[in-house]
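Secondary and tertiary structure notes
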Amino acid sequence: MFGHRRPEEVTELLGVGGSAAQGEELLIAIRVAKNQIIGNIDKKRRYTQLGAIPKIVSVLMDAGKNSEDDAVIVNAADAIGSLARGSGEVLGAVVGAGAVPALTEFLFHPNKKVVNASACILEMIFQSKLAQKFDFLKEEARNFVGLLLNSDSKEVIKLAASIIVRSCETHGEQMVCEAEFMEKLIILLRGPSDQKDACLHSIAAIVKNNPEVSSKFPLKEKGKALDTLANLINDQHPMTRFLSCKCLIFIGHAPSDMEELELKYKLVVILTKLLGETDQAGIEVPFLLRDLIANSMELCEQAFSVNIDECYFRALERSTQAKHRVGILSVLAELSLVMDEYRGKQMVLDAVLKVTEGGPEDVPEDVRVAAWSCIRSIVKSIQPLDGGVLYSIEFIIPLFRILQDPSVNVKILAFDSLEIIAGNYYAGKSVLIKDGPKQLVQLTKSVDSIIRTKSLRMLRNLMFDASIADKDKILKELTLSTLARLIRDSEHTVQEQALGILCNLSSSECIKHIFAEDNLILDAIIKQLQNESSGDELITQGMSTLCIASTGSEPQKNILLDKILLPQADGNAPSLAIKFLQSTHDPLRVAILWFLANLAYPDGDYASSRLTRLQEEGVVSQLESMVNDPDNDVKVYNSTAIFKVIYVEYVFRTLINLLL
């Protein structure tokens with residue numbers, strides 16, 4: 001009758017009153033809408049855009065008032081259920097139209113078809129994050145879910161389990177659910193397969209990351225609850241085996257007839273076999289297995305005994321789902337990190353390079369992140385791949401290539417791996433210095449402060465213990481103007497790494513660059529010291545850098561003295577020298593004392609004039625007050641390095657002048 005009508009025409013017939021159809025015509029219109037919607041995401045969106053969802057919900061609510069409209073209720077519920085399987089946008093419209101309270105009313109309908117249809121739709125809705133949580137701290141909510149659990153309808157029981165999973169997230173909610181529902185959930189594990197799975201989901205949600213709750217589970221059912229779970233890991237249904245393994249891992253206890261390590265060995269074997277499943281269990285298995293074997297040499301060895309790596313390599317080649325590949329790669333990363341002599345590390349490397357060879361446009365970000373996590377695990381492990389592989393151009397060039405990846409997370413993983421190579425393999429460092437500085441300097445201009453920090457840190461690592469020629473090459477690529485800009489960066493982490501570049505130079509080279517190009521770097525450091533937002537640690541690092549500069553020539557010392565005694569922007573504020581001497585941060589007071597000692601040491605023609613200026617600016621008086629400083633380091637530096645050099649020298653010269 002309406003089979004070939006367009007959604008616009010069918011929608012006109014839906015609803016209550018007005019131009020809407022009635023009786024048999026309305027039932028047919030709902031069936032047509034339902035049949036057009038099933039499996040057709042475009043039609044779902046179209047019906048949503050036309051406003052069909054609130055109309056169907058209104059039909060559902062109106063039909064509930066008429067005991068003879070059970071067929072309308074079932075078909076309307078099925079239509080809503082089909083819409084609920086659509087996109088998040090469509091599901092949100094279903095919930096927003098008031099479908100949840102409307103369907104809830106039918107859970108206690110005398111017609112079982114109506115009950116089951118309503119329960120199925122509500123279960124789907126509660127499995128999404130769009131459904132409102134139940135407040136289990138309220139007795140009314142607990143009583144309602146308890147009533148559902150005692151239903152003779154499997155669909156209603158599954159709905160109750162979904163509500164528990166959706167609403168049991170906090171520690172307090174887990175405690176309440178354990179006390180109210182756990183006993184019943186364990187009993188319901190004796191039911192049909194899909195009911196068992198729903199109850200296992202609920203048990204996992206109740207015990208997850210909650211030792212207080214999980215410790216009570218072995219006492220349930222007179223101590224037989226763990227035996228029930230242990231039997232289910234051998235169930236014929238893959239999802240049931242997976243969920244029972246999940247519960248046992250979360251609970252962390254073994255049945256009375258089995259040692260804990262023995263149980264974990266068995267779980268490794270079962271989960272490895274489940275990897276080949278194509279349903280949701282197969283997709284979730286790698287993540288559960290990763291958590292089980294994490295940081296456990298014994299369990300990794302057990303995994304190898306069942307050829308877990310070969311199983312995972314085969315699965316990785318066959319897998320087409322991003323989440324599944326992420327899980328597989330996360331297990332391989334864990335194996336590479338934990339097992340020092342893991343025989344498959346070269347295979348992991350080859351697999352990762354193959355997985356990511358399509359580039360960002362072909363490989364989802366989460367897969368790329370998981371893949372390069374494997375690389376980081378390989379280079380971090382105590383016994384990584386043969387050094388010749390890690391510092392070869394064939395390995396390092398792909399690492400440099402992914403520094404151009406649009407994902408910040410992928411870039412960070414590449415940086416982590418490159419830093420380890422630079423710090424542990426001299427030959428690898430040589431390859432990096434040859435091909436890396438230009439790209440790293442470009443990344444210091446990134447809008448992301450993490451990438452700017454990481455690129456500077458990498459340049460620092462390359463400069464450490466490098467030859468003068470290599471350091472000059474890096475600095476020439478970086479340029480002093482770029483370095484000055486980075487010292488004045490808005491992020492402290494970037495400023496710290498930029499200053500660290502200078503500290504990785506020899507003293508003479510550091511001094512040369514600080515005063516080069518009309519004091520460009522020096523002025524950047526002084527501005528950083530004057531910035532009120534700079535923390536004590538950063539200011540101390542800046543002063544420590546100037547300590548190196550203060551060992552320079554007489555003219556350079558005079559420039560530094562002018563800068564450190566320069567009045568601050570606020571005319572009433574003390575100079576930087578006085579401000580730092582009065583600081584409550586001990587390392588900063590030590591740094592400024594050492595800096596002043598270098599400036600005032602009487603080995604040059606201008607030392608006397610600098611001493612006079614320090615006296616006139618109140619610096620010497622401040623030093624006198626610090627003789628009994630509470631910090632021992634400050635006291636030592638003040639008494640030995642400063643007091644003897646500055647104050648005694650000043651007094652000696654004053655006495656000579658008086659005698660003359």
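Look a little higher up for the structure.
Keep in mind the model is a prediction, meaning the values are calculated, not measured.

**A word on the overall build of the protein**
- Of regular secondary structure, the protein possesses 40 helices and zero strands.
- Here the protein holds 660 residues, and 53% of them are scored as buried.
- For the protein, contacts bridging at least 24 residues in sequence account for 68% of all contacts bridging at least 6.
- Of the roughly 29900 Å² of accessible surface on the protein, a fraction of 50% belongs to carbon and sulfur atoms.

**Concerning the layout of surface pockets**
- Space inside the largest pocket adds up to approximately 740 Å³.
- Q127, V165, H201, A205 and K246 are the residues nearest the centre of the largest pocket, which is lined by 27 residues in total.
- Breaking the lining of the largest pocket down by element, the ones donating at least two residues are α8 (112-126), α10 (154-167), α12 (193-207), α15 (238-251) and α17 (280-293).
- Looking at the lining of the largest pocket, its residues break down into ten nonpolar, seven polar and ten charged.

**Quick look at the packing of helix α16 (residues 260-274) against α17**
- At a closest axis distance of 9 Å, the pairing of α16 and α17 adopts a crossing angle of 155°. If you check the angle between α16 and α17, you find them roughly antiparallel. Remark: the crossing between α16 and α17 carries left-handed chirality. Contacts from K264, L267, V268, L271, T272 and L274 in α16 reach G282, V285, L288, L289, L292 and I293 in α17.
- Of the residues that constitute the contact of α16 with α17, the class distribution is nine nonpolar, two polar and one charged.

**Focus: the side chain of S330**
- Counting through the fold element by element, S330 comes out in helix α20 (residues 322-338).
- Residue contacts for S330: discarding those within four places in its chain leaves P286, F287 and R290.

**Observations regarding the nonpolar core**
- Core analysis: the largest hydrophobic core is formed by 216 residues, its most contacted members being F136, I164, Y312, M543 and F595.
- Once residues lying within four places of it in the same chain are set aside, the contact partners of F595 are M543, L546, C547, S550, L560 and I564.

**Concerning α17**
- Spanning 14 residues, α17 covers 21 Å between terminal C-alpha atoms, matching the ideal 20 Å at 1.5 Å per step.
- Along α17, the sharpest kink reaches roughly 30°, centred on P286.
- The element α17 is extensively covered by neighbouring structure, given that ten of its 14 residues are classed as buried.
- Among all positions in α17, only A281, G282, I283, V285, P286, F287, L288, L289, L292 and I293 are buried.
- In this structure, the buried residues of α17 make contact with α15, α16, α18 (297-305), α19 (308-318) and α20.
- N295, located one to two residues past α17, shows a positive phi value of around 60°.

**Re the environment of L148**
- Checked against the element boundaries, L148 lands in helix α9 (residues 139-149).
- As a C-alpha pair, L148 and A119 span 29 residues in sequence and 10.0 Å in three-dimensional space.
- When neighbours within four sequence positions are excluded, L148 is seen to be in contact with L107, F108, V156, I157, L159, A160 and I163.

**Things to note about the packing of aromatic side chains**
- Summed over all chains, the structure comprises five aromatic pairs.
- Centroid distance F136 to F181: 5.4 Å. Interplanar angle 65°. Geometry classified as edge-to-face. With F136 in the loop between α8 and α9 and F181 in helix α11 (residues 171-188), this pair connects stretches of sequence that are 45 residues apart.
- Judged by relative accessible area, which is 1%, F181 ranks as buried.
- Three or more aromatic residues link up through ring pairs in this structure, and these residues are F108, F126, F134, F136, F144 and F181.

**Examining the packing of helix α30 (residues 480-487) against helix α33 (residues 516-530)**
- Running from amino to carboxyl end, α30 crosses α33 at an angle of 10°, the nearest separation of the two axes being 9 Å. Classified by the angle between their axes, α30 and α33 sit roughly parallel to one another. Here L480, S481, L483, A484 and I487 of α30 come into contact with α33, specifically with A516, E517, L520, I521, A524, I525 and Q528.
- Among the residues making up the contact of α30 with α33, the classes are represented as nine nonpolar, two polar and one charged.

**Digging into the pattern of salt bridges**
- Considering all chains together, one arrives at 27 salt bridges under this definition.
- Of the charged contacts, one joins E173 and K133 as a salt bridge, the two residues approaching to 3.1 Å between their closest N and O atoms. Remark: K133 occurs in the loop between α8 and α9 and E173 occurs in helix α11; sequence separation between them is 40 residues.
- Look at K133 and you get partly exposed, because its relative accessible area is 29%.
- Across the pair D416 and R376 runs a salt bridge whose closest N-O atoms are separated by 3.0 Å. With D416 in helix α25 (residues 408-424) and R376 in helix α22 (residues 365-380), this residue pair connects regions lying 40 residues apart in the sequence.
- Judged by relative accessible area, which is 15%, D416 ranks as buried.
- Its relative accessible area of 27% is what places R376 among the partly exposed residues.
- Residues joined by salt bridges that share partners form a network here, namely K133, R166, E169 and E173.

**What to know about a positive patch on the surface**
- Together, K445, R485, R488 and K527 line one region of the surface with positive charge.
- For K527, the location among the structural elements is in helix α33.
- K527 gets classed as exposed once you look at its relative accessible area, which sits at 51%.

**Overview of the environment of S214**
- Secondary-structure assignment places S214 in helix α13 (residues 211-214).
- Taking C-alpha positions, S214 is 9.6 Å from I203, a pair spaced eleven residues apart along the chain.
- Setting aside residues no more than four positions away along its own chain, S214 makes contact with V207, F250, I251 and H253.

**A few points about α12**
- Here α12 is 15 residues long and its end C-alpha atoms lie 21 Å apart, about the 21 Å a rise of 1.5 Å per residue gives.
- Across the 15 residues of α12, 13 count as buried, placing the element largely inside the fold.
- Downstream of α12 by one or two residues, N209 has phi in the positive range, about 55°.

Basis of the calculations
- Residues numbered from 1 in each chain as written.
- Predicted model: local features only at pLDDT ≥ 70, side-chain atom pairs only at ≥ 80, totals over all residues.
- Heavy atoms only, no water.
- Helix = DSSP H or I, 4+ residues; strand = E, 2+ residues; numbered from the N terminus.
- Buried < 20%, exposed > 50% of the residue type's maximum accessible area, 1.4 Å probe, protein only.
- Contact = heavy atoms within 4.5 Å.
- Areas by Shrake-Rupley, 256 points an atom, 1.4 Å probe, with all protein chains shown as cover.
- 1 Å grid on protein atoms, 1.4 Å probe; cavity = no way out; pocket = protein on both sides within 12 Å on 5 of 7 lines; lining within 4 Å.
- Points joined across faces, edges and corners; volume = space filled by probe spheres on them.
- Nonpolar A, V, L, I, M, F, W, Y, C, P; charged D, E, K, R; others polar.
- Axes fitted to C-alpha atoms, helices over the stretch in contact; angles between N-to-C directions.
- Parallel < 35°, antiparallel > 145°, perpendicular 65-115°, else oblique.
- Left-handed = near helix turned anticlockwise from the far one by under 90°.
- Core = buried A, V, L, I, M, F, W, Y, C linked by side-chain atoms within 4.5 Å.
- Expected span 1.5 Å × (residues − 1).
- Bend = angle between axes of the 7 residues up to and from the residue.
- Phe/Tyr/Trp six-rings, centres within 6.5 Å; stacked < 30°, edge-to-face > 60°.
- Salt bridge = Lys/Arg side-chain N within 4 Å of Asp/Glu carboxyl O.
- Patch = residues over 30% accessible without salt bridge, like charges linked within 9 Å, V, L, I, M, F, W, Y side chains within 5 Å.
- Lys, Arg positive; Asp, Glu negative; His and termini not counted.
- Charge placed at Lys NZ, Arg CZ, Asp CG, Glu CD.

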